[in-house]
Amino acid sequence: MPRLNDQVRELLQEYADLINITGGDAFRARAYEKAARAVGGYPEDLADLDLKGLQQIPGVGKSTAAKIAEYLATGRIPALESLRARIPSGVREMMAVPSVGPKRALALYRDLGIASVDELAGAIRADRLSGVAGLGERSGEKILHGIELMRQSGGRTLLDVATELAEQLVAALSAVPGCTRCAYAGSLRRMRETVGDIDVLATADDSAPLMAALTELPYVAEVIGSGPTKTSVRTTQGIQVDLRVVPEEDWGAALVYFTGSKAHNIKLRTMAVRAGLKLSEYGLFEVDGTAKKAAKGTKAAKEAKSAAGTTGTTGAKKDGGADARTEGVKVVSETEDEVYAALGLPWIPPTLREDRGEIEAALNGELPDLIEESDLRGDLHTHTDLTDGLATLTEMIDTAAARGYSYYAVTDHAPDLVMQRMTAEKMLAQREELRGLADRHRKLRLLHGTELNIGPDGGVDWPPEFLAGFDVCVASVHSHFNLDRTAQTRRLIRACENPYVHIIGHLTTRRIGLRGPIDVDLDAVFEAAARTGTAIEINSSPQRLDLRDEDILRAKRHGVRFSIDSDAHATGHLAYPRFGIGTAQRGWLTTEDVINAWTWQKLKRFLRKDALQI
DNA sequence: GCCGTTTTCGGCCCGACTGTTTTCAGTCG
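Note that the structure is a prediction, hence the values are computed from the model and not measured. (Residues numbered from 1 in each chain as written. Chains lettered and ligands numbered in written order. Predicted model: local features only at pLDDT ≥ 70, side-chain atom pairs only at ≥ 80, totals over all residues. Heavy atoms only, no water.)

Caption draft 1: View of the side chain of Glu14. Among the secondary structure elements, Glu14 is positioned in helix H1 (residues 4–21). When sequence neighbours within four positions are dropped, the list of residues in contact with Glu14 reads Leu80, Arg84 and Arg92. (Helix = DSSP H or I, 4+ residues; strand = E, 2+ residues; numbered from the N terminus. Contact = heavy atoms within 4.5 Å.)

Caption draft 2: Region of interest: the protein's contact with DNA strand B. Around DNA strand B sit 35 residues in total, of which Gly61, Gly101, Gly136, Met419 and Arg421 are the nearest. For DNA strand B, a phosphate oxygen lies 2.6 Å from a polar atom in the backbone of Gly61. Taking Glu137, its main chain carries an N or O atom lying 3.5 Å from a phosphate oxygen of DNA strand B. For the surface near DNA strand B, the secondary-structure elements that each account for two or more residues are helix H2 (26–41), helix H4 (62–74), helix H7 (102–112) and helix H9 (137–152). (Near = heavy atom within 4 Å. Polar contact = N/O pair within 3.5 Å; in protein donor to acceptor, adjacent residues only side chain to side chain.)

Caption draft 3: Region of the structure containing a negative patch on the surface. The grouping of Asp205, Asp206, Glu248 and Glu334 at the surface amounts to a negative patch. Position of Asp206 among the secondary structure elements: in the loop between strand S4 (197–203) and helix H12 (208–215). By relative accessible area, which is 47% here, Asp206 ends up partly exposed. (Patch = residues over 30% accessible without salt bridge, like charges linked within 9 Å, V, L, I, M, F, W, Y side chains within 5 Å. Areas by Shrake-Rupley, 256 points an atom, 1.4 Å probe, with all protein chains shown as cover. Salt bridge = Lys/Arg side-chain N within 4 Å of Asp/Glu carboxyl O. Lys, Arg positive; Asp, Glu negative; His and termini not counted. Charge placed at Lys NZ, Arg CZ, Asp CG, Glu CD. Buried < 20%, exposed > 50% of the residue type's maximum accessible area, 1.4 Å probe, protein only.)

Caption draft 4: Molecular detail of the sheet that holds strand S14 (residues 472–476). Spatial ordering of the open sheet is given by S11-S12-S13-S14-S15-S16-S17, a layout of seven strands whose pairing is parallel. The two strands at the open ends of the sheet, each matched to only one other strand, are strand S11 (378–379) and strand S17 (562–565). Where strand S15 (residues 503–504) meets strand S16 (residues 535–539), two bridges bridge the pair, whose relative direction is parallel. Note that in S16 the partner of Ile504 across the bridge is Ile536. Docked against the sheet, helix H20 (residues 424–436) engages strand S12 (407–413) and strand S13 (445–453), running at close to 160° with respect to S13. (Pairing = 2+ DSSP bridges. Axes fitted to C-alpha atoms, helices over the stretch in contact; angles between N-to-C directions.)

Caption draft 5: Focus on the UniProt feature "domain: Helix-hairpin-helix DNA-binding motif class" (unreviewed entry) in chain A. Listed under "domain: Helix-hairpin-helix DNA-binding motif class" (unreviewed entry) in the UniProt record, and renumbered for this structure, are residues 52–71, 92–111 and 127–146. Secondary structure content for residues 52–71 is 70% helix and 0% strand, and the end C-alpha separation is 15 Å. As annotated, residues 92–111 comprises 65% helix and 0% strand, and the C-alpha atoms at either end are separated by 16 Å. (UniProt positions renumbered as here; feature names shortened; annotations may be inferred.)

Caption draft 6: Representation of the pattern of salt bridges. In total, this model carries 32 salt bridges according to the counting rule given. The shortest N-O distance in the salt bridge between Arg485 and Asp519 comes to 2.8 Å. With a gap of 34 residues between them, Arg485 in helix H22 (residues 485–497) and Asp519 in the loop between S15 and helix H23 (522–532) connect regions that are remote in the sequence. The class for Asp519 is partly exposed, based on a relative accessible area of 38%. Across the pair Glu592 and Lys602 runs a salt bridge whose closest N-O atoms are separated by 3.0 Å. Taken together, the positions of Glu592 in the loop between helix H25 (577–586) and helix H26 (600–606) and Lys602 in helix H26 put the pair ten residues apart, joining distant regions of the chain. Residue class for Glu592 comes out partly exposed when judged on its relative accessible area of 40%. What makes Lys602 partly exposed here is its relative accessible area of 27%. Several salt bridges share partner residues, and in doing so they unite Arg190, Glu354, Arg356, Asp523, Arg548, Asp549, Glu550, Asp551, Arg554 and Arg586 into one network.

Caption draft 7: Main features of the pairing of strand S7 (residues 240–246). In terms of burial, S7 is largely enclosed, as six of its seven residues are buried. Examined bridge by bridge, S4 and S7 share seven bridges and lie parallel to one another. Bridged to Asp197 within S7 is Gln240. Where strand S6 (residues 230–235) meets S7, five bridges bridge the pair, whose relative direction is antiparallel. In the sheet register, Lys230 faces S7, and the bridge partner there is Arg244.

Here it is in structure tokens:
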């Protein structure tokens, strides 16, 4: 079950969408949208607020507060339900398709009876759209492409949503009597940017109470299958959860197996076979004498055998039986450390387990010392309510201080993003205010920055003399996503060459499942970033995670430095870097690669890019 | 529906882009 604030945000957003679709007052719809965002980003739990407290939330007035209170009391909002009765849910879902908004969704439903994304795709393929609702052939192609983009990530869940659900599941299952261990595994443990389902692993002598507990959770909508070792369910959010229960002595092998990746496991199993062993989710086993002979002489075999000799006795006693799954003598199974050690390997962090060279690196003792969330000393890209953030300057700063940072940059939008209505005066007033807060938190150094807009020609807002007044400048692409590759590359290189630009924000501008990356020669941009001492951001927002892991690996080879930032627009978003850290780990980054893991003294030298070049 | 050191009424982020239109509607950031 999502956090109550998030539930209410979703309901208010739905209400706003339905007002838009039904042609209601656009300003009224916008008011609900604004309230939805404010509620989602509000630090206090709605359940703790009364009617008066609810109205303290910016953008929430009498009417919205009453609806929220009604929902808290009864679990229903009648006004929303009456709108739902008029518009099928699929019509609203069509609005998620790029280039389909409320007007088109309604027209498609009203004129053609199309009431779902699937039906929309079918209608375009059958050429039923042309000429209707002001949509021509090009629009059809565009919409179809958008649907395909959605489906690529389709059915996949964003990292933050999956993490929250998985943590709730683990907490609930861990509390079941008889459960001795419980953790989530799969692609979520590897921190892939999206996950297809959630794998939860638990140990217990008797699996039945755990299976029952899972199927009885309030947010489980459907039981797909249930047996003694595995139960699969679907949540009310439509996410599939697989629970597997194994004996406690098999924890390690099972965790390796269910964490994956598939390619990583295949490689481990191949190593095991060469060493005369067999690796499965039930453990690492000695197969027979002939296999061992065949493997004799290989490095892995020798190490595996010697490691096996030290740990092999305990497991063997228990598993002498003739079960085909556990045929042979069990060598190890209890911890991941043991399983890797038995194969002659150090433990490999889950975020590296993609068969991208981690096993070879492990064999050579060259695994990177990965950066961790606790290594971050600050956040260099955040917003306040001066532009499109939800929280005030002091609220953001107080939350940052509570995270234990030693420095923190406020980087509100610059004027070329016209809708933000920024001016030099407003920016200077904010700087004044920020400087006045310098002593508010003894250990937190406050930096005044901005997020500049990289224009189509690579220029940014404001002249050099004004830019020189900022402590830190992030520069990002917010428009002209469709420039050709040459122009796109040129503009980003020019931004890197700007002596006042320290960090390139969300470089590819992708939004997972919604918008693909811009067409750009990344290697050329990485080369320019490394040459000019410009950091590339790892934007930690779960909708972006930009750069993505594979591009981080490429950038690192060019000698690029990175900044792992939240791009927070609310106090709650300041926790996003955990996802950026996961992505950075998947890109093999260490603290040396990440400028905001550095001490202030070292970061300060990096930010002197302009002084060094002018 | 929300909000107020320009407003308790009358505004509300505003401009660009796209495809379709023959003068603009819809979508997006």
